[in-house]
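One letter stands for each residue in the lines below.
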Amino acid sequence: MIGLRTHGIRIRRLRLQGDDRAYDVDFRAPDDSPRPLSVLAGAFSTGKTTILEFLDYCLGASDHPRHPEIMPKVKAATLEVELSGSPYLIERAVGEPSMFAYVRAGRLDEPGATPPVRRPLRPAGQPESLSSLLLSHCKLQGVRLSLDTDDPLSFRDLMWLCFLPNERLDGKDLLFESVPMKHLKLRQVVDVVFDVHDDHTVEIGRRIRTVEAELAAARTAYRAAEQLVDEQHIGARPDLESLHQSAKDELAACAQSLADLDTRGRASTGFAADLRERHREAARAAQAAYSELRDRETQLQRMIPLRGSYAEDVSKWTMLAEADRLFETGATACASCLTPLTAADERCPACRFPVTRIDVSAELRSAKTRLAELNRYLEELDREIPQLRADASRAQEAEARAAAEVDAVTADAVTPFLAERDAIARRREEAAATMQRAAGGLRLVQSLERRATGIVQMMDQIATDREELAAAGAPARRADRSAVVRRVSERYRQVLSEFRYPKLADAYLAEDLTPYVRGEPYTAASSGGRTLIALAWQLAMFETAWESRSSHPGFLLLDSPQKNLGALGDLADSQTIERIYRHIEDWLAGRGVGAQIIVADNAPPPTAADDVIVRYSRRADQPPYGLIDDDF
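About the criteria used
Just so you know, the residues in each chain are numbered from 1, in the order the chain's sequence is written. Two thresholds apply to this predicted model, a pLDDT of at least 70 for residue-level local features and 80 or more for giving and counting side-chain atom pairs, whereas whole-chain, interface and lining totals are computed over all residues. The side-chain values count all of the structure's non-hydrogen atoms but skip hydrogen atoms and water molecules. In DSSP terms, a helix is any run of H or I states spanning at least four residues, a strand is any run of E spanning at least two, and both are numbered starting from the N terminus. Three labels apply to residues, based on accessible area from a 1.4 Å probe with only protein chains included: buried if under 20% of the type maximum, exposed if over 50%, partly exposed otherwise in between. Should any heavy atoms of two residues lie within 4.5 Å, those residues are counted as being in contact. Accessible surface is estimated by sampling points in the Shrake-Rupley manner with a 1.4 Å probe; for residues, cover comes only from the protein chains shown. In protein, a polar contact requires one atom able to donate a hydrogen and another able to accept it; more generally it is a pair of N or O atoms within 3.5 Å, and residues adjacent in sequence count only if both atoms are side-chain atoms. Residues belong to one nonpolar core when they are buried, are Ala, Val, Leu, Ile, Met, Phe, Trp, Tyr or Cys, and are joined through side-chain atoms within 4.5 Å. A pair of strands counts as paired when DSSP detects no fewer than two bridges linking them. By definition here, a helix of n residues has an expected span of 1.5 Å times n minus one. Per residue, pLDDT measures the predictor's confidence, with a range of 0 to 100. Note on geometry: axes are lines fitted to C-alpha atoms, helical ones only across the stretch in contact, with angles between N-to-C directions running from 0 to 180 degrees. An angle counts as roughly parallel when it lies under 35 degrees, as roughly antiparallel when it exceeds 145, as roughly perpendicular when it falls between 65 and 115, and as oblique in every other case. Take the far helix as your reference; a near helix turned counterclockwise from it by less than a right angle gives a left-handed crossing, and one turned clockwise gives a right-handed crossing. When residue character is reported, Ala, Val, Leu, Ile, Met, Phe, Trp, Tyr, Cys and Pro are called nonpolar, Asp, Glu, Lys and Arg charged, and the others, Gly included, polar. Salt bridges are counted wherever a side-chain nitrogen of Lys or Arg sits within 4 Å of a carboxyl oxygen of Asp or Glu. A 1.4 Å probe that fits into a set of points on a 1 Å grid over the protein atoms alone but cannot get out defines a cavity; an open set with protein on both sides within 12 Å along at least five of seven lines defines a pocket, and lining residues are those with an atom within 4 Å of a point. Grid points are joined across faces, edges and corners, and a volume is the space filled by probe spheres set on the points. Ring geometry is summarised as follows: Phe, Tyr and Trp rings, the Trp one being its six-membered ring, pair when their centres sit within 6.5 Å, and such pairs are stacked at plane angles under 30 degrees, edge-to-face over 60 and tilted between the two. To sit over a ring, a charge needs its Lys NZ or Arg CZ within 6 Å of the ring centre and within 35 degrees of the ring normal.

Remarks on the overall build of the protein chain
Looking only at helices and strands, the protein chain features 12 helices and 14 strands. Looking at the protein chain as a whole, 42% of its 632 residues are labelled buried. Pairs at least 24 residues apart make up 68% of the contacts formed inside the protein chain by residues separated by at least 6 positions. Carbon together with sulfur atoms contributes 53% to the accessible area of the protein chain, which is approximately 32800 Å² in total.

Notes on the side chain of Ser132
Checked against the element boundaries, Ser132 lands in helix 2 (residues 130-136). Here the side chain of Ser132 touches Ser129 through a polar contact of 3.1 Å, side chain to side chain. Residues contacting Ser132, with those up to four places away along its chain left out, are Ala124, Gly125, Gln126, Pro127 and Gln141.

A look at the nonpolar core
Among the nonpolar cores identified, the biggest contains 105 residues, and Leu14, Phe155 and Ile597 are the most heavily contacted of them. At 12 residues, the largest contribution of residues to this core is made by helix 11 (residues 527-547). Other than its neighbours up to four places away in sequence, Phe155 contacts Ile9, Leu59, Ser131, Leu134, Leu135, Cys138, Pro553 and Phe555. If you look at the next biggest cluster of nonpolar residues, it comprises 11 residues, including Leu381, Ile385, Leu388 and Ala392.

Digging into the pairing of strand 6 (residues 100-105)
Residue alternation in strand 6 divides its side chains into a buried set, Ala101, Val103 and Ala105, and an unburied set, Phe100, Tyr102 and Arg104. Pairing of strand 5 (residues 86-93) with strand 6, which is carried by four bridges, proceeds in the antiparallel orientation. Within the sheet, the bridge partner assigned to Tyr88 lies in strand 6 and is Ala105. Hairpin connection of strand 5 to strand 6: six residues between the antiparallel strands, including Gly95 at a positive phi of 130 degrees. As defined by bridge partners, strand 6 adjoins strand 7 (residues 117-120) across four bridges and the pair is classed as antiparallel. Bridging from a neighbouring strand, Phe100 pairs with Pro120 of strand 7.

Brief notes about helix 11
The end-to-end C-alpha distance of helix 11, which contains 21 residues, comes to 30 Å, matching closely the 30 Å that a straight helix rising 1.5 Å per residue would cover. Here helix 11 lies mainly inside the structure; 20 of its 21 residues are buried. Following helix 11 by one or two positions, Arg549 has its phi on the positive side, about 55 degrees.

Describing the pairing of strand 5
Across eight bridges, strand 4 (residues 76-83) lies against strand 5 in antiparallel orientation. In the strand pairing of strand 5, Leu79 is matched with Ile90.

Points about the side chain of Arg12
Mapped onto the secondary structure, Arg12 falls in strand 1 (residues 9-17). Side-chain polar atoms of Arg12 contact the backbone oxygen of Asp32, separated by 2.7 Å. Within the structure, Arg12 has its side chain in polar contact with the side chain of Glu82 (distance 3.2 Å). Each residue touching Arg12, except ones within four places of it in the same chain, is listed here: Val25, Asp26, Phe27, Arg28, Asp32, Ser33, Pro34, Glu80, Val81, Glu82 and Arg107.

Quick word on the confidence of the model for the protein chain
Here the protein chain averages 85 in pLDDT, while 87% of its residues score no lower than 70. Across residues 474-478, confidence stays below pLDDT 50; counting only partners more than four residues off in sequence or on other chains, it has seven contacts.

Brief notes about the sheet that holds strand 6
Pairing is antiparallel in the open sheet, where six strands are placed in the order 2-1-4-5-6-7. Each end of this open sheet is capped by a strand with a single partner; those strands are strand 2 (22-26) and strand 7. Recorded for the sheet is a direction-independent mean angle of 25 degrees between the axes of neighbouring strands. This element, helix 1 (residues 48-58), spans strand 1, strand 2, strand 4 and strand 5 of the sheet and lies at about 105 degrees to strand 1.

What to know about the packing of helix 10 (residues 481-499) against helix 11
Running from N to C, helix 10 and helix 11 cross one another at 130 degrees; their axes reach a closest spacing of 8 Å. With respect to helix 11, the element helix 10 is oriented oblique. Helix 11 is crossed by helix 10, and the crossing has right-handed handedness. In this structure, helix 10 uses Arg487, Val488, Arg491, Tyr492, Val495, Leu496 and Phe499 to contact helix 11, whose residues at the interface are Leu532, Ile533, Leu535, Ala536, Trp537, Leu539, Ala540, Met541, Glu543, Thr544 and Glu547. For the contact of helix 10 with helix 11, the residue count by class is 13 nonpolar, one polar and four charged.

Points about the pattern of salt bridges
Pairs can form between side chains of opposite charge whenever their charged atoms are close. Counted by the stated rule, this structure contains 33 salt bridges. Notably, a salt bridge pairs Asp191 with Arg481, separated by 2.7 Å at the nearest N-O pair. A residue pair is termed long-range when its members are at least 10 positions apart, and Asp191 in helix 5 (residues 180-193) and Arg481 in helix 10 qualify at 290 residues.

Some remarks on the layout of surface pockets
For the second largest pocket, the calculated volume is near 430 Å³. Lining of the second largest pocket is provided by 21 residues; of these, Asp56, Phe163, Pro165, Glu167 and Arg168 occupy positions nearest its centre. When contributions to the lining of the second largest pocket are tallied by element, the ones reaching two or more residues are helix 1 and helix 4 (166-169). The class makeup of the residues in the lining of the second largest pocket is seven nonpolar, four polar and 10 charged.

With respect to the packing of aromatic side chains
Within this structure, the stated rule accounts for four aromatic pairs. With a centroid separation of 6.3 Å and 80 degrees between ring planes, the pair formed by Phe54 and Tyr57 is classed as edge-to-face. Residue Phe54 and its partner Tyr57 are both found in helix 1; the two are separated by three residues, about one turn of the helix. Each member of the pair, Phe54 together with Tyr57, is buried. Looking at Arg118, its charged tip hangs above the ring of Phe100, at a distance of 3.8 Å from the centre. The ring of Tyr310 has Arg370 lying over it, and the distance from NZ or CZ to the ring centre is 5.5 Å.

What about the environment of Thr576?
In this structure, Thr576 sits in helix 12 (residues 571-589). Along the chain, Thr576 and Leu565 lie 11 residues apart, while their C-alpha atoms are 8.4 Å from each other.

Thoughts on the sheet that holds strand 3 (residues 37-42)
Strands in a sheet are paired, the pairing made by backbone hydrogen bonds, and the direction either parallel or antiparallel. Reading across from one edge, 8-12-13-3-14 is the order of the five strands in this open sheet, with parallel pairing throughout. Whereas interior strands pair on both sides, the edge strands pair on one side only; in this sheet they are strand 8 (163-164) and strand 14 (612-616). Examined bridge by bridge, strand 8 and strand 12 (residues 555-559) share two bridges and lie parallel to one another. The residue of strand 12 that forms the bridge with Phe163 is Leu557.

So this is what it looks like as structure tokens:
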């Protein structure tokens, strides 16, 4: 059996973070290692494919799912992965297109995490890019796809061999035949993964030089960090963990002591319950009196300007009445055509324009009435306010007396508890300071350990690359592309045979990797046949790359493997589906130990029940409803 490898990428957890909660999907086994096979099951439109697309997004895809239930609730996506065996977190914003990913070492919910490093998505060949980081853990950093071009390999290109989405599963564009340059690039990616591309030895040498430079810088940084830790006399990791736990326990004990103290304090002063009730009543009365006084004073302040306005209206109407009496200013001619009018005319006898006359006396009486009513109300407020002010003062004095009575009666009983509370507060402050120092020390020690692990990994990578360079230099040991195609072709035929593909004959891969069945290209098969062919092609590539210890990341995402299969009541199709899962399970338990496959499927067969990590119901009464489980 092939031994486990440390390089590559494994998916551990996905978290979609909202404003007030998170939506998690866990791909770990009970022993905290990534599960070999994880099945996302449940009804359609519940978020299974969305999970795969968010995994792809965190690994550098340009966009994420934008379903109506996603956009209002999800603000960020975080993927916990293992990169060459070490845990890392990759986070990207959700909403506006994100051109950066934030990467840091550590696990979700782990205290003392390192600060994130911002990595751009493009250009992919930039050393600080997310693509370069992921490719470095697949032994592919800096690889060019051809000697004739400066086109660097991107991790997005590598995802063609790691993710089989729904739309490629049964279509006629499995190898991107509709886009010739993309079709050619896929063949180049396969050559790179199987180490048979033209620039192989050059790339290995370049990779060794790059890692050696990084190793020298890492050793310098490690020595500086080690000196800092030694100068601060932080202590060993077990001592810091013990100190952190002791301080945490002390804080919990202080919280319990304060709760017990409050309980004893209330019990020892229970005899003053009547006085406390009197004080509460006095406080409520004082508050009510103050509120009423403030209400009256506010009304007075607002009404005084209104009184001035009413007085000004009375003056104006009085002057207009005097003018009307002296100068007879009533309407004597039509305002439209100047025809003379009589006092009884309501419309102009010539143009029928309405005649407007103002009853100045009525308006004056109305203004005087409003002013008189407002004056009476203001006089009432002037009389009430002094009395309300006195009532409020008396209520406040009564509340102060009631408070003094409570203090006087309970002082002797409360005093011992105050000293005890002060002692507990001092203990709590000391414990908090100790826990903070221990946490800071642990962060420094963890950072030092991560640097040491990184140095060891780089040394191992250099040794592996040198062995690979020596092997590549011997022509007899250099893999031949035709031999690789033959191996993949044989595995493709074997997989279809295990699926019991109907009338299987003459199944192989052409030199351009096009799959054939019965001597015909896959495009000639039925939709159900193309589904099986696409699965067999993708699995053959993945399995052969893994078993030959090639540069594949080591995980595979499959979306809807039952597409166009599994018709209701069709026994043959249901048996085919079971055989698909049986093949995957048997391979992962055998030659595929250490690899990871994640499948999104509406209704996996009962034989795969142990591999189902979540089953969405799309029913509010049967949780979980879906990925966004609070959007019914």
